[in-house]
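The chain contents come next:
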Amino acid sequence: MSVLVNKDSKIIVQGFTGSEGTFHASQMIEYGTNVVGGVTPGKGGQTHLDRPIFNTVKDAVDQAGADTSIIFVPPAFAADAIMEAADAGIKVIICITEGIPVADMIKAYSYVKERNSRLVGPNCPGVITPGEAKVGIMPGFVFKKGTVGIVSKSGTLTYEAADQVVKQGLGITTAIGIGGDPIIGTTTREAVQMLMNDSETECIIMIGEIGGQLEADAAKWIKADGNRKPVVGFIAGETAPKGRTMGHAGAIVGGSDDTAEAKKRIMRECGIHVVDSPAEIGKKVKEVLG
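Residues numbered from 1 in each chain as written. Predicted model: local features only at pLDDT ≥ 70, side-chain atom pairs only at ≥ 80, totals over all residues. Heavy atoms only, no water.

### Points about the domain arrangement of the protein chain
Right, on to step 1. Per the domain assignment, the segments of the protein chain are domain 1 (11–120) and domain 2 (138–289).
Right, on to step 2. Placing a centre on the C-alpha atoms of domain 1 and another on those of domain 2 gives a separation of 26 Å.
Right, on to step 3. Across the contact, eleven residues belong to domain 1 and twelve residues belong to domain 2.
Right, on to step 4. In this assembly, domain 1 packs against domain 2 so that about 920 Å² is buried in total across both faces, 57% of it on carbon and sulfur atoms. (Domains from an automatic or database assignment. Contact = heavy atoms within 4.5 Å. Buried area = accessible area lost by both parts, 1.4 Å probe.)

See the structure below:
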């Protein structure tokens, strides 16, 4: 089992012929991901990277059976691209674009929810099920198949955690980079829930950061769910000054519960194995899996 993407996913790339779309689509294809085509308005009927180009997402769904989309569209047009994918019936929409205006995302978020599509991102590294599908910008060679799921707000810490897990002789079921923007389609809790319900995942790594309530909400859900599987947690941004935006647009400490210290306390109270340094993630996973 895997969550969100697997070898049977039929993936299209929105913004296929742009420089970012081209570079990452070629990496995805090289990895073995089932990319069935891409969308660039006005270029329908042509080919790119030996894959068909469609004018619209609906054309890609009708003609290639697409069910998953990855979006490399500039910020001003990315929310429209998300809504177009949802409207066409795409079930999993992964948006890599960073810097989408918040007002646009409010509209896109509601639109996707009403259509029962699953949005991951924006401002995320994507989703990977090792050996099956890489739908994102992560370095595929770092990931090996195994029984550990990863949910992370940080792209680079996703790869770091995967690398450590692999070096401990373990591997990954699916890694989900949920994105660091203030409004994202899939929360930490929702991503953790998917991995909890995945029969192959035996342990979950949950990487969060300062600001917001996502990690606290997830921790409380994990406790209420009976701590069915061990969860290893890390919160980035411990040394960040209060009230200052740090990197990700979502990483700003508002109230007292938004600090790294407070989040780690809540997570520990909920039975999560919290580490104080990202360098300890792999060892802790090995330890809890015995």
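More follows now that the structure is in view.
### Structural notes on the UniProt feature "binding site: CoA" (unreviewed entry) in the protein chain
Right, on to step 1. The positions UniProt marks with the feature "binding site: CoA" (unreviewed entry) are Thr 17, Gly 18, Ser 19, Glu 20, Lys 43, Ile 96, Thr 97 and Glu 98. Across 82 residues of sequence, these annotated residues are also dispersed in space, with a maximum C-alpha separation of 24.6 Å.
Right, on to step 2. Looking at the secondary structure, you find Glu 20 in helix 1 (residues 19–31).
Right, on to step 3. In this fold, Lys 43 is placed in the loop between strand 2 (35–39) and strand 3 (47–48). (UniProt positions renumbered as here; feature names shortened; annotations may be inferred. Helix = DSSP H or I, 4+ residues; strand = E, 2+ residues; numbered from the N terminus.)

### Side note on the side chain of Thr 97
Right, on to step 1. Considering the arrangement of structural elements, one finds Thr 97 in the loop between strand 6 (92–95) and helix 4 (102–114).
Right, on to step 2. Relative accessible area serves as the criterion here: at 7%, Thr 97 is assigned to the buried category.
Right, on to step 3. A distance of 2.7 Å separates the side chain of Thr 97 from the backbone oxygen of Val 73, its partner in a polar contact. (Buried < 20%, exposed > 50% of the residue type's maximum accessible area, 1.4 Å probe, protein only. Polar contact = N/O pair within 3.5 Å; in protein donor to acceptor, adjacent residues only side chain to side chain.)

### Focus on the sheet that holds strand 12 (residues 203–209)
Right, on to step 1. Read from one edge to the other, the open sheet built from seven strands follows the order 9-8-11-10-12-13-14, with strand pairing classed as mixed. The strands lining the two open edges of the sheet, one partner per strand, are strand 9 (133–136) and strand 14 (273–274).
Right, on to step 2. Note: strand 10 (residues 145–152) against strand 12, five bridges, orientation parallel. Each bridged residue has a counterpart across the sheet, and for Val 151 the counterpart in strand 12 is Met 206.
Right, on to step 3. Lying on the sheet, helix 1 is in contact with strand 8 (126–129) and strand 9; it crosses strand 9 at an angle near 170°.
Right, on to step 4. Strand contacts of helix 5 (residues 155–167): strand 10, strand 11 (172–177), strand 12 and strand 13 (231–236), with the helix running at about 155° to strand 10, the strand carrying the most contacts. (Pairing = 2+ DSSP bridges. Axes fitted to C-alpha atoms, helices over the stretch in contact; angles between N-to-C directions.)

### What to know about the pattern of salt bridges
Right, on to step 1. One pass over the structure, following the stated rule, counts 15 salt bridges.
Right, on to step 2. In this structure, the salt-bridge partner of Glu 190 is Arg 118, at a minimum N-O distance of 3.4 Å. With Glu 190 in helix 6 (residues 188–196) and Arg 118 in strand 7 (residues 118–120), this pair connects stretches of sequence that are 72 residues apart.
Right, on to step 3. Its relative accessible area of 24% is what places Arg 118 among the partly exposed residues.
Right, on to step 4. Residues Asp 276 and Lys 264 are paired through a salt bridge, measuring 2.8 Å at the closest nitrogen-oxygen approach. Of this pair, Asp 276 sits in the loop between strand 14 and helix 9 (281–289) while Lys 264 sits in helix 8 (residues 260–269), and the two are twelve residues apart along the sequence.
Right, on to step 5. For Lys 264, a relative accessible area of 5% gives the class buried.
Right, on to step 6. Salt bridges sharing partners connect three or more residues here, namely Glu 238, Lys 264, Arg 268 and Asp 276. (Salt bridge = Lys/Arg side-chain N within 4 Å of Asp/Glu carboxyl O.)

### Side note on unusual backbone geometry
Right, on to step 1. Between Gly 121 and the following residue, Pro 122, the backbone shows a cis peptide bond with an omega angle of 10°.
Right, on to step 2. Within the secondary structure, Pro 122 sits in the loop between strand 7 and strand 8.
Right, on to step 3. Located in the positive-phi region is Leu 4, a residue other than glycine, with phi close to 70°.
Right, on to step 4. Relative to the assigned elements, Leu 4 resides in the segment before strand 1 (11–14).
Right, on to step 5. Judged by relative accessible area, Leu 4 falls into the buried class, the value being 19%.
Right, on to step 6. One non-glycine residue, Asn 227, lies in positive phi territory at about 45°.
Right, on to step 7. With respect to the helices and strands, Asn 227 occurs in the loop between helix 7 (214–224) and strand 13.
Right, on to step 8. On the basis of relative accessibility, which here comes to 32%, the residue Asn 227 falls in the partly exposed class.

### Things to note about helix 3 (residues 75–87)
Right, on to step 1. The terminal C-alpha atoms of helix 3, which comprises 13 residues, lie 19 Å apart, in line with the 18 Å expected from a rise of 1.5 Å per residue.
Right, on to step 2. Where helix 3 is concerned, the buried positions are Ala 78, Ala 79, Ala 81, Ile 82, Met 83, Ala 85 and Ala 86.
Right, on to step 3. Looking at the buried residues of helix 3, the elements they touch are strand 1, helix 2 (57–64), strand 5 (68–71), strand 6, helix 4 and strand 7.
Right, on to step 4. Following helix 3 by one or two positions, Gly 89 has its phi on the positive side, about 95°. (Expected span 1.5 Å × (residues − 1).)

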